[in-house]
Amino acid sequence: MASGIDDEVTLRANREDFLKFVLRPRRLVDVSKVDMSVEIFGVRYQTPIIVAPVGGQQSFHPEGEIAVAKAARAGDHLQILSTSTNAGVEDVAAARGAPLWYQLYATNKWEVAKAMVARAEKSGCLAVAVTIDRSGGRNQETLFRLVPTDSRDCNACHERGSLATNLKRRAMYQGLDISGLSHTQSSNMTWDFLKRLRDTTKMKIVLKGVLAHEDAVLAADAGMDAIIVSNHGGRSEDSGRSTIDALPEIVEAVRGRMPILIDSGFRRGTDIVKALALGAHAVCIGRPYIWGLGAFGQPGVERVLELLRIELHAAMQQVGAPTVKDLVPGMVRRA
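Residues numbered from 1 in each chain as written. Predicted model: local features only at pLDDT ≥ 70, side-chain atom pairs only at ≥ 80, totals over all residues. Heavy atoms only, no water.

(A) Quick peek at the overall build of the protein. A count of helices and strands for the protein gives 12 helices and 12 strands. Against the globule reference of 20 Å for 335 residues, the protein gives a C-alpha radius of gyration of 19 Å, in line with a compact fold. Overall size of the protein, expressed as C-alpha extent along the three principal axes, is 65 × 45 × 40 Å. Taking all 335 residues of the protein together, 53% fall into the buried category. Across the protein, every contact between residues at least 6 apart in sequence was considered, and the portion connecting residues at least 24 apart equals 71%. Side-chain charges of the protein comprise 42 positive and 38 negative groups, with the mean position of each set lying 3 Å from the other. (Helix = DSSP H or I, 4+ residues; strand = E, 2+ residues; numbered from the N terminus. Rg over C-alpha atoms; globule rule 2.2 N^0.38 Å. Buried < 20%, exposed > 50% of the residue type's maximum accessible area, 1.4 Å probe, protein only. Contact = heavy atoms within 4.5 Å. Lys, Arg positive; Asp, Glu negative; His and termini not counted. Charge placed at Lys NZ, Arg CZ, Asp CG, Glu CD.)

Shown next as structure tokens:
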């Protein structure tokens, strides 16, 4: 969870590039009351902070995704559930007490993707967030270097003998025919896959992993319902392009045709304010809440999300924005 790939240039850029942008606070605005709520696909949430999909959360705490769902419920956060979840979408939705979004790794078998999407839709999910940034392998150099230093036997929870054994603890693969499944992320996905998906589900379709404005325009032209500007937290490719750096050109290219979400590297309320002011509709948080989960379970996740809400509230006051809609590009400039 701490590492990236290759030289971890993207991992560092996701944090460092927030320094490329500075806030321009406005004064003499009544910010005694701050409304942080946002509306996405007709649903209003009390915060623009979204719980991003992270796979295999029982690796960090026995209660895994259920603990996270309960914490998301406490703060009224939208939760996006990973394909690689340890708990089934039905149980997580029940714990959250509200509809989820489902993140999809398409795999190389359409039948597997179709079955997962149908199950997610049946459980009440409002959207499917298709991850499109895992088109190739990844050289997790830091991880590979550190694994030999861990003397614990992890096979009870992380069977690595084959893909099939590794998927035994992944709830969404249970009951599916995974014969012929060579990988869980598809390297041959094209726009044709998304057309096929559109004909299969009534859920909203969100593309997760957009970094180029050209792809954002294509997504809008193809009728996608939203995009997530994401580089997988620096764990997918090492281009060195941070999401906050890519955001302005994508917002300009989309021109309000669909909601734009963003993730990767967000740690502070000021980070979130910068993204919202630059045109993002909401911000997805991954690593921070997982650290809270690993340390303290559900209370840890609740506290991490609470701290982010507190910081966001204060940052909105500091720039003179009583509502999220009051966060405008003029409140940010490149350093």
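Structure's up, so let's keep going.
(B) Geometry of the sheet that holds strand β6 (residues 101-104). If you walk across this open sheet you meet the 8 strands as β4-β11-β10-β9-β8-β7-β6-β5, and the pairing is parallel. At either end of the open sheet lies a strand with only one pairing partner, and these are β4 (49-51) and β5 (80-81). As defined by bridge partners, strand β9 (residues 226-229) adjoins strand β10 (residues 260-262) across 3 bridges and the pair is classed as parallel. Bridge pairing links Ile 228 to Leu 261 in β10. (Pairing = 2+ DSSP bridges.)

(C) Representation of the packing of aromatic side chains. The final tally for this structure, using the stated rule, is 3 aromatic pairs. A ring pair is formed by Phe 18 and Phe 266, whose centres lie 4.9 Å apart and whose planes are at 70°; its orientation type is edge-to-face. Of this pair, Phe 18 sits in the loop between α1 (9-16) and β1 (21-23) while Phe 266 sits in the loop between β10 and α10 (269-277); the two residues are 248 residues apart in sequence, bridging distant segments of the chain. What makes Phe 266 buried here is its relative accessible area of 2%. Its guanidinium or amino end placed over the ring of Phe 41, Lys 204 lies 5.7 Å from that ring's centre, counting from NZ or CZ. (Phe/Tyr/Trp six-rings, centres within 6.5 Å; stacked < 30°, edge-to-face > 60°. Lys NZ or Arg CZ within 6 Å of the ring centre and 35° of its normal.)

(D) Layout of unusual backbone geometry. Unusually for a residue other than glycine, Leu 28 sits at a positive phi of about 55°. As for its position among the elements, Leu 28 is in the loop between β1 and β2 (38-40). Leu 28 gets classed as exposed once you look at its relative accessible area, which sits at 91%.

(E) Local environment of the side chain of Thr 83. Take Thr 83: it is sitting in the loop between β5 and α3 (89-96). Residue classification places Thr 83 among the buried residues on the basis of a relative accessible area of 0%. At a separation of 2.6 Å, a polar atom in the side chain of Thr 83 contacts the main-chain carbonyl oxygen of Gln 103. For Thr 83, the side chain forms a polar contact with the main-chain nitrogen of Tyr 105, separated by 3.0 Å. Those residues in contact with Thr 83, other than ones at most four positions away along the chain, are Tyr 102, Gln 103, Leu 104, Tyr 105, Met 116, Met 172 and Tyr 173. (Polar contact = N/O pair within 3.5 Å; in protein donor to acceptor, adjacent residues only side chain to side chain.)

(F) Expanded view of the environment of Arg 196. With respect to the helices and strands, Arg 196 occurs in helix α7 (residues 191-198). For Arg 196, a relative accessible area of 47% corresponds to the partly exposed category. Taking C-alpha positions, Arg 196 is 16 Å from Glu 121, a pair spaced 75 residues apart along the chain.

(G) Spotlight on the packing of helix α4 (residues 110-122) against α7. Following both chains from N to C, one finds α4 and α7 inclined at 40°, their axes separated by 11 Å at the closest point. What the angle tells us is that α4 and α7 run oblique. Taken as a pair, α4 and α7 cross one another with a handedness that is right-handed. Counted together, Trp 110, Ala 113 and Val 117 of α4 and Phe 193, Arg 196 and Leu 197 of α7 form the full contact between these two elements. (Axes fitted to C-alpha atoms, helices over the stretch in contact; angles between N-to-C directions. Parallel < 35°, antiparallel > 145°, perpendicular 65-115°, else oblique. Left-handed = near helix turned anticlockwise from the far one by under 90°.)

(H) Spotlight on the pairing of strand β11 (residues 282-285). Here β11 shows a buried face lined by Ala 282 and Cys 284 and a second buried face lined by Val 283 and Ile 285. As defined by bridge partners, β10 adjoins β11 across 2 bridges and the pair is classed as parallel. Within β11, the residue paired with Ile 262 across the bridge is Val 283. Taken together, β10, α10 and β11 form a β-α-β motif whose crossover is right-handed. (Right-handed = clockwise from strand over helix to strand, strands pointing away.)

(I) Highlighting helix α2 (residues 64-75). Relative to the 16 Å expected for 12 residues at 1.5 Å per residue, α2 spans 17 Å between its end C-alpha atoms, a close match to the ideal helical length. By the burial criterion, the buried members of α2 are Gly 64, Glu 65, Ala 67, Val 68, Ala 69, Ala 71, Ala 72 and Gly 75. Its buried side turned inward, α2 meets β4, β5, α3, α11 (287-296) and α12 (298-319). Count one or two residues on from α2 and you reach Asp 76, which has phi positive near 55°. (Expected span 1.5 Å × (residues − 1).)

(J) Structural context of the packing of α10 against α12. Running from amino to carboxyl end, α10 crosses α12 at an angle of 55°, the nearest separation of the two axes being 7 Å. Comparing their axes, α12 and α10 come out oblique. Seen from above, α10 lies across α12 with right-handed handedness. Two secondary-structure elements touch here, α10 through Gly 269, Thr 270, Ile 272, Val 273 and Leu 276 and α12 through Leu 308, Glu 311, Leu 312, Ala 315, Met 316 and Val 319. Class assignment for the residues of the contact of α10 with α12 results in 8 nonpolar, 2 polar and 1 charged. (Nonpolar A, V, L, I, M, F, W, Y, C, P; charged D, E, K, R; others polar.)

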